[in-house]
Structure formats: C-alpha cells, structure tokens
Amino acid sequence: MINEIEKYAKDNNIPIMLKDGIEFLEEYIKKNNIKKILEIGSAIGYSAIKMALVSDDIRVTTIEKDKIRYEQAVYNISKLNLNTRIKIINEDALNINLTDEYDLIFIDAAKSQYINFFKMFSKNLKDNGVIISDNLNFHGYVNNVEQIKNRNLRQLVRKINEYINFLKNNEEFSTIFLNIGDGIGISKQKK
Ligand code: SAH
Ligand code: MG
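This is a predicted model, so every value here is computed, not measured. (Residues numbered from 1 in each chain as written. Chains lettered and ligands numbered in written order. Predicted model: local features only at pLDDT ≥ 70, side-chain atom pairs only at ≥ 80, totals over all residues. Heavy atoms only, no water.)

All right, on to the pattern of salt bridges then. Taken as a whole and assessed by the stated rule, the structure comprises 10 salt bridges. In this structure, the salt-bridge partner of Glu26 is Lys50, at a minimum N-O distance of 3.9 Å. Of this pair, Glu26 sits in helix α2 (residues 19-31) while Lys50 is found in helix α3 (residues 46-52), placing the two residues 24 residues apart along the sequence. Comparing Glu26 with Lys50, the two get one shared label, buried. Between Lys67 and Glu71 there is a salt bridge; the shortest N-O distance is 3.6 Å. Within this pair, Lys67 and its partner Glu71 are both found in helix α4 (residues 67-79), separated by four residues, close to a single helical turn. Judged by relative accessible area, Lys67 falls into the partly exposed class, the value being 47%. The exposure class assigned to Glu71 is partly exposed, which follows from its relative accessible area of 43%. (Salt bridge = Lys/Arg side-chain N within 4 Å of Asp/Glu carboxyl O. Helix = DSSP H or I, 4+ residues; strand = E, 2+ residues; numbered from the N terminus. Buried < 20%, exposed > 50% of the residue type's maximum accessible area, 1.4 Å probe, protein only.)

Laid out in structure tokens, this is it:
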C-alpha cells in the first residue's frame, strides 16, 4: 500500500517527501520519543502515514487545503486503518486556530507562507518540542536565485531565503539546517 501511494504521487506529480528525508523524520521521531504531531500540508497523506507507522501510540493531526488531495489522503489513511490515529483537516492552515500542543510540528505546505506558518503554530509547540521544515533547498535553487529565469519561481525561492534568514536571526528558536532530502530545518526553543 505504501508503494502504491508512492507510485500515485510520482504519476500525479505530487511532491511527497524524498526517501532520505522521510527516513530521517522516522528516525528522529523514534529517537526523540515523539508522540503528538502536527503537520501542515498533508497532500495525499504519505508523510502523515509514514510518521504514524513509526509507533502505535503516535497521533498525527494534518492539514490540507486542496479538496482532491484531501480526499485521496482520507482514502489512503482508511486503507491503512489509521483513522483513529490520523486526524485530517480540509482547510487552509492559515485560517485555523488550534489549541492543542504538539511534540513536533512539521511544516511542508506553501513555501511562500513558511514564516506565517511558523509564527502561527509555534504557540502550539510543547516546551521541549521541535518545528521541522521541509524543502529549504528547494530542489537546489536556493543558492542560485539570480540564475532562475522564471519570475514566479525566483520569487518563491526568495521567500524560502527569507524564511531561512528568519530562522537564523530568530531570538526564540535556534535552528540547524541539514542537507537531507530537499533540505530540512530543525528548530528548537532556546533555553
Ligand atoms: N507532507 C506531504 C507533502 C505535502 S505537499 C508528504 O510529504 O507526503 C504540500 C501540500 O501543502 C500540498 O498538497 C498543498 O495543497 C498543501 N498546502 C499548501 N498551502 C497550504 C495551506 N495554506 N494550508 C493547507 N495546506 C496547504
Ligand atoms: Mg516537502
């Protein structure tokens, strides 16, 4: 079933996490005993499912604004019998107000909104929690902004650079950047 989801994503150009990125995330969840996860950007449920499968006592809340992807995610989640442990919300994450607190917040939605997601959801982080952000290399473009011919793409990559600077200069959080998958940031509250 996981293979089928990977194939569906590939055939339909759905940008699910790259193999070494998701493996890193699974390891991180195991090592740090993470139990309660919030994900921004479910797509078809792939990463939410992979994270939930790390251990039986993990719970994931995941948000997806696109109706078709949401429905595909619901289908995949129920195929794997994970309905009780993965809660999926069909909404724009920027219009949601959650009150729960999480061990891990995984940001993997619209790259232009990362600063907003971070600011909005950091209040939902437990004291020792972590915010992980995906696609900080943006397919290798991030270090070559001026060479990008397409205007929209250039704008998007600039946004990611702004986010990286926002993390680097953050007073409350310190971030390490890893060259895994498409580039991952791991942000923790400063003590
Ligand atoms: N985490 C997934 C991939 C997510 S792709 C995986 O690895 O399996 C990014 C998704 O974020 C897209 O499906 C897109 O529709 C969704 N998205 C973008 N902006 C969003 C927003 N503001 N709120 C909710 N979902 C959003
Ligand atoms: Mg991603």
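On to the pairing of strand β5 (residues 125-134), then. The side chains of a regular strand alternate, first on one face of the sheet and then on the other. With seven of its 10 residues buried, β5 lies for the most part within the structure. With five bridges joining them, strand β4 (residues 102-107) and β5 adopt parallel strand pairing. If you follow Tyr102 over to β5, its bridge partner there is Leu125. Pairing geometry for β5 and strand β7 (residues 184-189), over five bridges, is antiparallel. By the bridge assignment, Ile132 is partnered in β7 with Ile186. (Pairing = 2+ DSSP bridges.)

The next point concerns helix α6 (residues 151-168). For an α-helix, 3.6 residues make a turn, and residues three or four places apart therefore share a direction. For α6, spanning 18 residues, the distance from its first C-alpha to its last is 26 Å, which sits close to the expected 26 Å at 1.5 Å a residue. When we look at burial in α6, the residues that qualify are Val157, Ile160, Tyr163, Ile164, Phe166 and Leu167. Along the axis of α6, the buried positions cluster into a sector of 170°, meaning they face one direction only. Exposed and facing more than 90 degrees away from the buried side of α6 are Arg151 and Lys168. Taken together, the buried residues of α6 touch β4, α5 (114-121), β5, β6 (173-178) and β7. For α6, the side-chain oxygen to backbone nitrogen distance between the N-cap and Asn152 is 3.0 Å, and the N-cap itself is Asn150. (Expected span 1.5 Å × (residues − 1). Arc of directions from axis to C-beta. Contact = heavy atoms within 4.5 Å. Polar contact = N/O pair within 3.5 Å; in protein donor to acceptor, adjacent residues only side chain to side chain.)

Residues in close proximity to ligand 1 total 21 residues, the closest being Ser47, Glu64, Arg69, Asp92 and Asp108. Contact between ligand 1 and Met17: an oxygen atom at 2.9 Å from a main-chain N or O atom of the residue. In this structure, a nitrogen atom belonging to ligand 1 sits 2.8 Å away from a side-chain N or O atom of Ser47. Sorting the residues of the shell around ligand 1 by element identifies α3 and β2 (59-64) as the ones contributing at least two each. A breakdown of the residues in the shell around ligand 1 according to their chemical character gives 10 nonpolar, three polar and eight charged. (Near = heavy atom within 4 Å. Nonpolar A, V, L, I, M, F, W, Y, C, P; charged D, E, K, R; others polar.)

Here the focus is the packing of aromatic side chains. Geometry of an aromatic ring pair is reported as the spacing of the ring centres plus the angle between the planes. One pass over the structure, following the stated rule, counts seven aromatic pairs. Aromatic pair Phe118 and Phe166: ring centres 5.4 Å apart, planes at 85°, arrangement edge-to-face. Taken together, the positions of Phe118 in helix α5 and Phe166 in helix α6 put the pair 48 residues apart, joining distant regions of the chain. Classification of Phe118 as buried rests on a relative accessible area of 2%. Look at Phe166 and you get buried, because its relative accessible area is 18%. Between Tyr163 and Phe166, the aromatic rings sit 6.1 Å apart at their centres with planes inclined by 20°, giving stacked as the arrangement. Placement of the pair is Tyr163 and Phe166 together in helix α6, with a separation of three residues, close to one helical turn. Neither Tyr163 nor Phe166 differs from the other in exposure class; each is buried. The ring of Phe177 carries the charged tip of Lys168 above its face, separated from the ring centre by 5.8 Å. (Phe/Tyr/Trp six-rings, centres within 6.5 Å; stacked < 30°, edge-to-face > 60°. Lys NZ or Arg CZ within 6 Å of the ring centre and 35° of its normal.)

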